[in-house]
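Summary of structural features
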Amino acid sequence: MNLLPPDSTTPRSTAPRERRADNRPPDFIEPAGPIVPGVASVTQLINKLSEYLTPAELKKVKEAYRFSDEMHLGQVRKSGEPYISHPIAVAEICAEWKLDAQAIMAALLHDVIEDQDVKKDELIERFGAQVANLVDGLSKLEKIEFQSQLEAQAENFRKMLLAMASDVRVILIKLADRLHNMRTLGFMIPAKKRRIAGETMEVYVPIAHRLGLNNIYRELQDLSFSHLYPVRYQTLSKAIKAARGNRREVVKKILEAVKNQLEAGGLKAEVHGREKTLYGIYKKMRNKHLSFSQVLDVYGFRVVVDSVPNCYVALGTLHALYKPMPGKFKDYIAIGKINGYQSLHTTLIGPYGTPVEFQIRTQDMHRTAESGVAAHWLYKTGESNMSDLQQRTHAWLQSLLDIQQQTGDSAEFLEHVKVDLFPDSVYVFTPKSKIIALPRGATALDFAYSIHTGIGDHTVGVKINNEEQPLRTELHNGDIVEIITQPDSRPSPTWLTFVRTGKARSAIRHHLRLVDVTESAELGLELLTQALAVRNIKPDLPASVVERLLAESSANSMEEVYADVGIGKRMPTLVARHIFGLMEGDPDLLPSSKPLPASDIAPVTIYGSEGVAVQLAPCCLPIPGDQITGQLRRDQALVVHTCDCLAAKRLLAKEPDRWIAVQWGDELNRRFDCRIRLLINNEKGILARVAAEIGESDANITYVGMDEDDENMMTQLRFTIQIADRVHLAQLIRNLRRVAGVNRVERERT
């Protein structure tokens, strides 16, 4: 994903661009809709700022404006407007939140480093370190060479999010920047519209939601929707306009009835009707497979009262007016959402049988619901004075720093953060009744890591509602969770297959990265040797190539490079390609012979005792004698599948570059897990006979399960057993088929 604003297409120069006869830049594209004249005005901005900034602060803002105007002189947007109109518009959005003078200055200056090559030192000298740090946090990494566009995009997001963790104003200014760019996206070519809209929906929309900036969250959603699916957007927009006329009388009738009922109950309240967003309606239609005519609750109503007790009084008053729908009441006042949102939600059966949603809240709750963390702007107060929302935001930002410390690279960091940006949450309790909010789908192990990394690392068991449950158990609202730990317990690689939160995943991967580094380096050397052999390059690289490789990969030694390859952090094929590129500059270093065909490259040998560096895929559980293939997965090292594994075939189609040839070694001195399934007659003593035969066949049982096979009207026994190889498995299956009451035996794979 690219952090480049959609209109930053002019050269980084103060020279005027080539202009067309109609005063528009050469690459101007007519927007899909009507052109809206630019409304960004520095006079309007100053008037808005003068409402809450001091004269001294206004003077500094004007200095920042003059500097930005000078730096962007001659630069224009794709609409043909002077580029300075964009920073002014961004600053205006920030002024609506009443951000401080430093943030407004940074908004005005946010593109000068990126577009005009202004140095950070110059900004420090002119405007101070805090403003310079904000601008730097908003600027992309232009001078660093990355191995791929994806890596560059991930690193730019990492930089921005870490800057946000130090100062949340960074992301507020960035969201204002993105909002204005999305509002003016109509001048872009369709492909670029879709890319920028997709990036906005994937990253910026959930960040706005996580910070409680619901106005921006909803607007960015609708703008992204309009560019990602323009035909659907236009069709739905027309349908809603038509419905407004049909439903105007219904809305008017409900508003009057509610106001009269509240007044009769002695409540002073503001009542507003509101139309749901286009994207919200579209999402409901898509998720529930409804047509537009079936979406009845297009309109909702908001009731704003003066106190928390009156929220509940208003709720009772409304329930006396219209019948509530069962199961459609949610109390987000008693248990607020993770982003600080508080309100009572209830759905009532209104006139003509139409379901109508009501939100009931106080003025403070309403302010927080609309502007989130920006509604309680306190920069110069201590943590003890923070609002509950600020404390939650502070905790989330701190978790970003924790993830960064444990994360290998930018792509992994972004992966973890995006996982935590899910809007839906579940609320569970500690044994001492403290509420913990987690993403929907989070497990008991995620809960342990949310308390503290040390607790997660040493977890051995969990009690949910006083009953022992597996660590992978998914949590639900209201669960009481108690974690059981042991000092000598350590994370397992299998935990990565079911944990949900970014903090848990990064902590587990961090631990695995530190385990058996030597072992990972040995595997990495073998993988890199294989990748170099494709290009006929020997692993003993010239000193000059090694020196340049370490400098460009930010590694301290080749052992570190090998270890990164061994744990899956670096792709051996990409490292080999990079090495070849370094050699291309010197013909004497290039191999004299042609690259070897893939069939001549020796496979990587697997012994099954490599520890975390090599994992046997749980979907197919390969055993010696199976034809196998290897998948290089990020921080899960090398995952070995059987060649006929269906899951492996699907993954191979998606990422063919991550697969390598592997083979079993000759000396294997361990047992391997394997699953078998038996169809049996459910008769007395059958389980004992089967278990005895498995033991006599020199196999060990690690799991047994039983269920009914309705199709064959028989009972199924499922075993996970430990065996030596395919020959051993074949002998065991033959022995089990001779047991009385056993009708069928087969190896089972998921």
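What you are looking at is a predicted structure, and each value in this text was computed from that prediction instead of being measured.

Some remarks on the confidence of the model for the protein chain
In this model, the protein chain carries an average pLDDT of 77, and 76% of its residues clear a pLDDT of 70 or more. The spread of mean pLDDT over the elements of the protein chain runs between helix H17 (residues 410-419), the lowest at 52, and helix H27 (residues 726-737), the highest at 93. Low pLDDT, under 50, characterises residues 141-148; the predicted model gives this stretch 12 contacts beyond four residues in sequence or across chains. Within the model, the stretch residues 375-386 combines pLDDT values under 50 with 22 contacts to residues more than four positions away or in other chains.

Looking at the state of the cysteines
Counting across every chain of the model gives zero disulfides. There is no disulfide at Cys-619, and the cysteine sulfur nearest it, in Cys-645, is 3.5 Å away. The cysteine Cys-643 is free of any disulfide, with Cys-620 supplying the nearest cysteine sulfur at 9.4 Å.

Overview of the pattern of salt bridges
With the rule as written, the count across this model stands at 13 salt bridges. The shortest N-O distance in the salt bridge between Arg-747 and Asp-626 comes to 2.8 Å. With Arg-747 in strand S19 (residues 742-747) and Asp-626 in the loop between strand S12 (614-616) and strand S13 (628-632), this residue pair connects regions lying 121 residues apart in the sequence.

Examining the nonpolar core
With 72 residues, the main nonpolar core has Leu-49, Val-61, Leu-109, Leu-123 and Leu-236 as its most contacted residues. Not counting residues within four places of it along the chain, the set of residues in contact with Leu-109 comprises Ala-64, Phe-67, Ser-68, Leu-123, Phe-127, Val-131 and Val-135. The next biggest cluster of nonpolar side chains, apart from the first, holds 54 residues, and it includes Leu-541, Val-546, Tyr-562 and Val-614.

Re unusual backbone geometry
Positive phi values are uncommon outside glycine, yet Lys-98 reaches one of about 60°. Here Lys-98 is to be found in the loop between helix H3 (85-96) and helix H4 (101-109).

Section: the sheet that holds strand S10 (residues 481-485)
Spatially, three strands are ordered S9-S8-S10 in an open sheet, and the strand pairing comes out antiparallel. Edge positions in the sheet fall to strand S9 (467-469) and S10, since each has one partner strand and no second. This sheet shows a mean twist of 35° between the axes of neighbouring strands, independent of strand direction. Taken together, the five bridges between strand S8 (residues 459-464) and S10 define a ladder with antiparallel strand orientation. Paired with Val-462 across the two strands is Ile-483, which belongs to S10.

Some points on helix H14 (residues 308-321)
Over its 14 residues, H14 runs 20 Å from end to end, which matches the ideal 20 Å to within 8%, given 1.5 Å per residue. Looking only at H14, the buried set comprises Cys-311, Ala-314, Leu-315, Thr-317 and Leu-318. What you see down the axis of H14 is that its buried residues fit within an arc of 165°, all on one side. Summarising the geometry of H14, the exposed residues directed more than 90 degrees from the buried face are Pro-309 and Ala-320.

Calculation notes
- Residues numbered from 1 in each chain as written.
- Predicted model: local features only at pLDDT ≥ 70, side-chain atom pairs only at ≥ 80, totals over all residues.
- Heavy atoms only, no water.
- pLDDT = per-residue confidence, 0-100.
- Helix = DSSP H or I, 4+ residues; strand = E, 2+ residues; numbered from the N terminus.
- Contact = heavy atoms within 4.5 Å.
- Disulfide = S-S within 2.5 Å.
- Salt bridge = Lys/Arg side-chain N within 4 Å of Asp/Glu carboxyl O.
- Core = buried A, V, L, I, M, F, W, Y, C linked by side-chain atoms within 4.5 Å.
- Buried < 20%, exposed > 50% of the residue type's maximum accessible area, 1.4 Å probe, protein only.
- Pairing = 2+ DSSP bridges.
- Axes fitted to C-alpha atoms, helices over the stretch in contact; angles between N-to-C directions.
- Expected span 1.5 Å × (residues − 1).
- Arc of directions from axis to C-beta.

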